[in-house]
Amino acid sequence: MTFLIQQTLIYAIPLMIVALAGVFAERSGIINLALEGIMIFGAFVGVLFVNVVQQADVFMEAYAAGDYLTLQGLELLAMLAAAVMGAIFSLLLSFASVNLRADQTIGGTALNLMAPALVLFLIRIIANQNTLQMSSGDGPSWFMIKKAMFGYGRTEQMGFLGSTFVDKTYLATYVCILLFVILSIILYKTRFGLRLRACGENPQAADSLGINVYKMRYAGTTISGALAGMGGFVYALTTSNCMSTGDVAGYGFLALAVMIFGNWKPLNIAGASLLFGLFKCIASSYSSINIGGVFIFSELGLPAHFYRMLPYIITLIVLAFTSKSSRAPKAEGIPYDKGKR
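Read on for a plain summary of the structure. From a predicted model like this one, the values you see are computed outputs, not experimental measurements.

Rules behind the numbers
One numbering rule holds for all chains: residues counted from 1, following each sequence as written. Given that the model is predicted, a residue must reach a pLDDT of at least 70 before its local features are reported, and side-chain atom pairs must reach 80 or more before they are shown or counted; all residues, however, enter totals for whole chains, interfaces and linings. To obtain the side-chain values, all non-hydrogen atoms of the structure were used and water was disregarded. Here the nonpolar core consists of buried residues drawn from Ala, Val, Leu, Ile, Met, Phe, Trp, Tyr and Cys, with membership extended through side-chain atoms lying within 4.5 Å. Partly exposed describes any residue whose relative accessible area lies between the buried limit of under 20% and the exposed limit of over 50%, with all areas from a 1.4 Å probe on protein chains only and scaled to the type maximum. Secondary structure is summarised from DSSP: a helix means a run of H or I of at least four residues, a strand means a run of E of at least two, and numbering begins at the N terminus for each. Here a residue-residue contact requires only that any non-hydrogen atoms of the pair lie within 4.5 Å. Stacked, edge-to-face and tilted are the three classes for Phe, Tyr and Trp ring pairs, Trp counted by its six-membered ring, which pair at centre distances within 6.5 Å; planes under 30 degrees apart are stacked, over 60 edge-to-face, the rest tilted. Cysteine sulfur atoms are paired as a disulfide whenever they fall within 2.5 Å. For this document, the term salt bridge refers to a Lys or Arg side-chain nitrogen within 4 Å of an Asp or Glu carboxyl oxygen.

## What about the nonpolar core?
Nonpolar side chains in soluble globular proteins generally cluster together in the buried interior.
And then number 1: Judged by nonpolar contacts, the single largest core of 95 residues is most densely connected at Phe143, Phe233, Cys242, Tyr251 and Ile282.
And then number 2: The leading source of residues in this core is helix H1 (residues 2-28), at 14 residues.
And then number 3: Apart from residues lying up to four places away in sequence, tyrosine 251 is in contact with Tyr11, Pro14, Leu15, Glu36, Met39, Tyr235 and Lys280.

## Observations concerning the packing of aromatic side chains
And then number 1: Inspection of the entire model under this criterion finds seven aromatic pairs.
And then number 2: Note on tyrosine 63 and tryptophan 142: the rings are 4.7 Å apart at their centroids and 0 degrees apart in plane angle, and the pair reads as stacked. Of this pair, tyrosine 63 sits in helix H3 (residues 57-65) while tryptophan 142 sits in helix H6 (residues 139-143), and the two are 79 residues apart along the sequence.
And then number 3: Using a relative accessible area of 35% as the deciding quantity, one classes tyrosine 63 as partly exposed.
And then number 4: The exposure class assigned to tryptophan 142 is buried, which follows from its relative accessible area of 1%.
And then number 5: Ring centres of phenylalanine 306 and tyrosine 307 lie 5.7 Å apart, and the angle between their planes is 70 degrees; this geometry places the pair in the edge-to-face category.
And then number 6: For phenylalanine 306, a relative accessible area of 32% puts it in the partly exposed group.

## What to know about the state of the cysteines
And then number 1: Here the structure, examined in full by the defined rule, presents zero disulfides.
And then number 2: For the unlinked cysteine cysteine 176, the closest cysteine sulfur is that of cysteine 242, found at 14 Å.

## A word on the environment of isoleucine 40
And then number 1: If you trace the backbone, isoleucine 40 turns up in helix H2 (residues 35-53).
And then number 2: Among the residues examined, isoleucine 40 registers a relative accessible area of 4% and is labelled buried.
And then number 3: Sequence-wise, isoleucine 40 and glycine 246 are 206 residues apart; in three dimensions their C-alpha atoms are separated by 5.7 Å.
And then number 4: When residues no more than four places from it in sequence are discounted, the contact partners of isoleucine 40 are Ala115, Pro116, Val119, Gly246, Asp247 and Val248.

## Points about the pattern of salt bridges
And then number 1: In this structure the tally under the stated criterion is three salt bridges.
And then number 2: Across the salt bridge formed by arginine 27 and glutamate 201, the nearest N and O atoms sit 3.6 Å from each other. With arginine 27 in helix H1 and glutamate 201 in helix H9 (residues 191-201), this pair connects stretches of sequence that are 174 residues apart.
And then number 3: Owing to a relative accessible area of 23%, glutamate 201 belongs among the partly exposed residues under this scheme.
And then number 4: A salt bridge links aspartate 337 to arginine 101; the shortest N-O distance between them is 3.7 Å. Linking aspartate 337 in the segment after helix H15 (304-322) with arginine 101 in the loop between helix H4 (68-99) and helix H5 (104-127), this pair joins segments that are 236 residues apart in sequence.
And then number 5: Overall, arginine 101 belongs to the partly exposed group, its relative accessible area being 39%.
And then number 6: Three or more residues are tied together by salt bridges with common partners; here these are Arg27, Glu201 and Arg327.

Purely geometric numbers; function is a separate question.
Right, here's the structure in full:
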């Protein structure tokens, strides 16, 4: 059960934070279909940052000496770098949507096509192969929180909660949860959040009250890019051992499905992310999941390809039954022209 919960969180947290990224953009009135591309770019930047900084003597010495605080600091800095570059990359969508009033769906699709090509091109230049990795070791050995950090010799000594939510976990997981809570409060309990949502519902009314719709849409999309870039690096760190390949397995599109399923509301999105995360966990680790001493999924005798398709099949089924009742922001996808009323 501990393994199932840990793996579900590992897959659910990137979904949750990237789905919230979509909420910030769409609540401001911009359809951000580029979440997949921004995740790919953020994953690359985060892994590249780790790769470069690792070569500094201070971090190699910290790893050799077991200085976990320094290594966790490197993880946080990589998340910050991915967030900053994700925000910068999202400015391409903001400029096309706000200044040029281009079709937002086409703009997002263009970024999704450009990001993997750009990342693979840069990886070939930097690593001379199709994969960018850490310069030394792997993600779990460098950044994973382990029982030894707290002086425990055996997992049983930590109890169920400790072994489930502390041992073999990542600080990035809890940073994302904290950010999710804080940003959800900002979106619904602050003046900024109210103005942002007003621009996605009725930009003309917001403008008449002195709210700069263009700035708010830039702000919403920039926050969206930062969260998606960070989510991309967290995905690369926790599921790919801090490796970038120009691919995030369709997580950006899954995050869009989670956002729609959650009806653009943070609490619903958190629940939907856990549901989708559970199916991703089953898809990737079905042969290792032990419930009550029984390897239940292995004993079902279903082919491995069925489990790999399961998250995407569930996505289609859920959207088929829930999309009609979903209520998107009224003005999303509609370019705002101040001269028109």
